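A closer look at the structure
Residue strings, one per chain:
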Amino acid sequence: MIKAIKGTKDLLPSDVPRWHYLEDIVKKIFTNFNYKEIRTPIFELTSLFARSIGEETDIVGKEMYTFEDMSGASITLKPEMTAGVVRAFIEHSLGAQQQLTKLYYISPMFRQEKPQAGRLRQFHQFGGEAIGSASPILDAEMIQIAFDILKSLGLKDLTVKINSLGTTETRENFKNLLREFLNDKKDKLSEDSKKRFDNNILRIFDSKIEIDQKLLADAPALIDQLDDESKNDFDLVKEYLTKINIPFEIDPHLVRGLDYYSKTTFEIISGKVGAQDALLGGGRYDLLAEQLGGKPTPAVGFAAGIERILLACENENSFKVDELSIDIYLIRIDKELELKVSELASELRRKGLRVEYDYLQRSVKAQMREANKFNARFALFIGGGEYEEGKMNLKDMKTSEQKLIPIDNISEVIDNIKI
Ligand code: AMP
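Note that residues are indexed from 1 along each chain, following the sequence as it is written. Given that this is a predicted model, residues contribute local features only at a pLDDT of at least 70 and side-chain atom pairs are listed and counted only at 80 or more, while totals for whole chains, interfaces and linings are drawn from all residues. Heavy atoms from the whole structure form the basis of all side-chain values; hydrogens and water molecules are not counted.

Observations concerning the nonpolar core
To qualify as a nonpolar core, a set must consist of buried Ala, Val, Leu, Ile, Met, Phe, Trp, Tyr and Cys residues joined through side-chain atoms within 4.5 Å. For each residue, the accessible area found with a 1.4 Å probe, counting protein chains only, is set against the maximum for its type, and the residue is called buried under 20%, exposed over 50%, and partly exposed in between. Phe30, Phe126, Ile145, Ile149, Phe302 and Ile309 are the most contacted members of the largest nonpolar core, which totals 91 residues. What counts as a helix is a DSSP run of H or I of at least four residues, what counts as a strand is a run of E of at least two, and both are numbered from the N terminus. Sort the elements by how many residues they give to this core and helix α6 (residues 136–152) lands first, with 9 residues. Discounting chain neighbours no more than four positions away, the residues touching isoleucine 145 are Ile29, Phe30, Phe33, Tyr35 and Phe302. Contacts between residues were defined by any pair of non-hydrogen atoms, one from each residue, lying within 4.5 Å.

Listed below in structure tokens is the structure:
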């Protein structure tokens, strides 16, 4: 038997209501902040991701699903959304229509990571991108959107971590400082960190390996070396977050795995999902638009992992969705009324009711059982002596009250249901 690929997951009808619940909240909150939805293609030219995310990052280095198409072009299934959004922003001159473009998305992403709890090869993210303003208030607002969505899902065990990576110049100076600090300790670093020492030294802070963490314990912190502008901006982010009641911690080691970040970075962590505990992450990426051939355009955004968030919700038992019930089940008493029943059903459905009936010539008892299984609010009995007298019996399944309704007066059925 052919099975689904490792690291991918079928979302079965019993899973989907929880996804709809989350997606509705995401859409509602982004819309409250006046963000508009954007949908970009599942695949892009590989060079888009290499240029934006960075050649030396884990994503571009080893996780992308890349293939050649028939023309020989190198194509990649999107591992994240920001690159595609900024590409679309530039390509369609979205910035010409308004100074600040506020966009959100919900989309599948693809990364060839080792599958484990909370880590898939096809996973889903929602996120936001605000392109066109350098205001630190927008950074705080972005964190607020992320935080409010998680709170609206009923999550409690959350920690907001923030940091600032400063400007490019600050970062370059800091990298030299860090290199000096680690120079005589380099041999003791883990293999991954040794590589990062040469290629992308800041990412050493991402390491979860104990020896690395120990060596880094006394390392200089970027946050202590910030230039005045970044420091002012960071102070404003903190001040605004405090004003809007978002508790946060400063994590000087929060560098994030993508190259395009500058100044504010943030993550929201759950205490309820195990080792892969980051529910979402984001930050400012003021240089990306220019890097991708657009005009210099400051921007800020975040991306959140839906599977991980739903896992946290499950583990915190944070919300419950009722199974969708149906309005009415039509019970056919006489076999020969099969066509009449389907005709009635189609009429009721066209009037906007959720309707079900039996397609398998089952007994009245079996039809009743199914009406209960679907949690039908009403049952309509079609057939028997009543039918010969031109009536149908409408039963309220909650109160067991029954009412006779003329066969040709379907609107009376609807009136009864809609009350
Ligand atoms: P990133 O784009 O790496 O900053 O990831 C943002 C969020 O996406 C993370 O905090 C996770 O919630 C989620 N995420 C990233 N990679 C995966 C993955 N392989 N499987 C499931 N969720 C993921």
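Still more to cover.
A look at the side chain of glutamate 113
Note that glutamate 113 resides in the loop between β5 (101–110) and β6 (122–131). By relative accessible area, which is 13% here, glutamate 113 ends up buried. Only 3.2 Å separates the side chain of glutamate 113 from the side chain of arginine 119, close enough to count as a polar contact. The term polar contact refers here to a pair of N or O atoms within 3.5 Å; inside protein, the definition further demands a hydrogen-donor-capable atom paired with an acceptor-capable atom, and it admits residues adjacent in sequence only when both atoms are side-chain atoms.

Details of the packing of aromatic side chains
Two rings belonging to Phe, Tyr or Trp (six-membered ring only in the last case) form a pair when the distance between their centres is within 6.5 Å. Interplanar angles under 30 degrees mark stacking, angles over 60 mark edge-to-face geometry, and anything in between is tilted. What the rule picks out here adds up to 9 aromatic pairs. Between phenylalanine 126 and phenylalanine 302, the aromatic rings sit 6.2 Å apart at their centres with planes inclined by 90°, giving edge-to-face as the arrangement. Placement of phenylalanine 126 in strand β6 and of phenylalanine 302 in strand β11 (residues 299–305) is noted, with a sequence separation of 176 residues between them. Phenylalanine 302 shares its class with phenylalanine 126; the two are buried. Among the aromatic side chains, those forming a connected cluster through ring pairs are Phe30, Tyr35, Tyr104, Phe126 and Phe302. Distance and angle both matter: a charge sits over a ring if NZ of Lys or CZ of Arg is within 6 Å of the ring centre and within 35 degrees of the ring normal. The side chain of lysine 185 reaches across the aromatic face of phenylalanine 181, ending 3.9 Å from its centre.

Side note on the sheet that holds strand β15 (residues 391–396)
Taken together, 5 strands build an open sheet; the order of strands is β13-β12-β14-β15-β16 and the sheet is mixed. Sheet topology places β13 (355–357) and β16 (402–406) at the edges, where each strand pairs with a single neighbour. Strand-to-strand, the axes of this sheet are offset by a mean angle of 25°, without reference to chain direction. Between any two strands, at least two bridges found by DSSP are needed for them to pair. Pairing geometry for strand β12 (residues 328–332) and strand β14 (residues 378–382), over 5 bridges, is parallel. From the neighbouring strand, isoleucine 331 faces β14, where its bridge partner is phenylalanine 381. The axes used here are C-alpha line fits, helices contributing only the stretch in contact, and every angle between their N-to-C directions lies in the interval 0 to 180 degrees. Of the strands in this sheet, β12, β13, β14 and β15 are in contact with helix α13 (residues 338–350), which crosses β13 at around 165°. Packed on one face of the sheet, helix α16 (residues 410–418) meets β12, β14, β15 and β16 and runs near 150° to β16.

Thoughts on the domain arrangement of the protein chain
Each assigned domain of the protein chain is listed here: domain 1 (16–166 + 226–316) and domain 2 (328–417). Domain start and end points were adopted from an automatic or database domain assignment. With centres defined by C-alpha atoms, the gap from domain 1 to domain 2 works out at 50 Å.

Some details on the site of the ligand
Near the ligand you find 14 residues, and of these Arg111, Glu113, Leu120, Arg256 and Ala278 are the closest. Measuring from an oxygen atom of the ligand, one finds a backbone N or O atom of leucine 280 at 3.4 Å. Glycine 305 is positioned with one of its backbone polar atoms (N or O) 3.2 Å from an oxygen atom of the ligand. Residue burial considers only the protein chains on display, and all accessible areas are found by Shrake-Rupley using a 1.4 Å probe. For the ligand, the protein covers 91% of the area, taking 490 Å² as the surface of the free molecule. Elements with a contribution of two residues or more to the shell around the ligand: β6, β10 (278–284) and β11. The element that contributes the greatest number of residues to the shell around the ligand is β10, accounting for 3 residues. Proximity criterion: a residue is near a molecule or strand once any of its heavy atoms comes within 4 Å of it.

Let's talk about the pattern of salt bridges
By convention in these notes, a salt bridge is any Lys or Arg side-chain nitrogen within 4 Å of a carboxyl oxygen on Asp or Glu. Using the criterion set out here, one finds 29 salt bridges in the structure. Residues lysine 175 and glutamate 172 are paired through a salt bridge, measuring 3.2 Å at the closest nitrogen-oxygen approach. One end of the pair, lysine 175, and the other, glutamate 172, are both in helix α7 (residues 168–182), 3 residues apart, so they sit about a helical turn from each other. In this structure glutamate 172 comes out as partly exposed when scored by relative accessible area, which is 39%. Several salt bridges converge on common partners, so that one network encompasses Asp58, Lys62, Arg196, Arg203 and Asp206.

Thoughts on the side chain of arginine 18
By the element assignment, arginine 18 lies in helix α1 (residues 16–32). Only four residue types enter the tally: Lys and Arg on the positive side, Asp and Glu on the negative side, with His and both chain ends excluded. Buried within the structure, arginine 18 lacks any salt-bridge partner; glutamate 314 is the closest side chain of opposite charge, at an N-O distance of 4.5 Å. Dropping the residues within four chain positions of it, arginine 18 is found in contact with Leu310, Cys313, Glu314, Phe319 and Val321.

What to know about the packing of helix α2 (residues 46–53) against helix α4 (residues 82–91)
Put simply, α2 and α4 touch, their axes get as near as 9 Å, and they point 105° apart. As summarised for this structure, α2 and α4 are arranged roughly perpendicular, according to the angle between their axes. The residues of α4 that touch α2, namely those facing Leu48, Phe49 and Ser52, are Ala83, Gly84 and Arg87. Its residues placed into classes, the contact of α2 with α4 shows 3 nonpolar, 2 polar and 1 charged. Here roughly perpendicular refers to angles of 65 to 115 degrees, roughly parallel to angles under 35, roughly antiparallel to angles over 145, and oblique to all remaining angles. In this classification, Asp, Glu, Lys and Arg are treated as charged, Ala, Val, Leu, Ile, Met, Phe, Trp, Tyr, Cys and Pro as nonpolar, and every other residue, Gly included, as polar.

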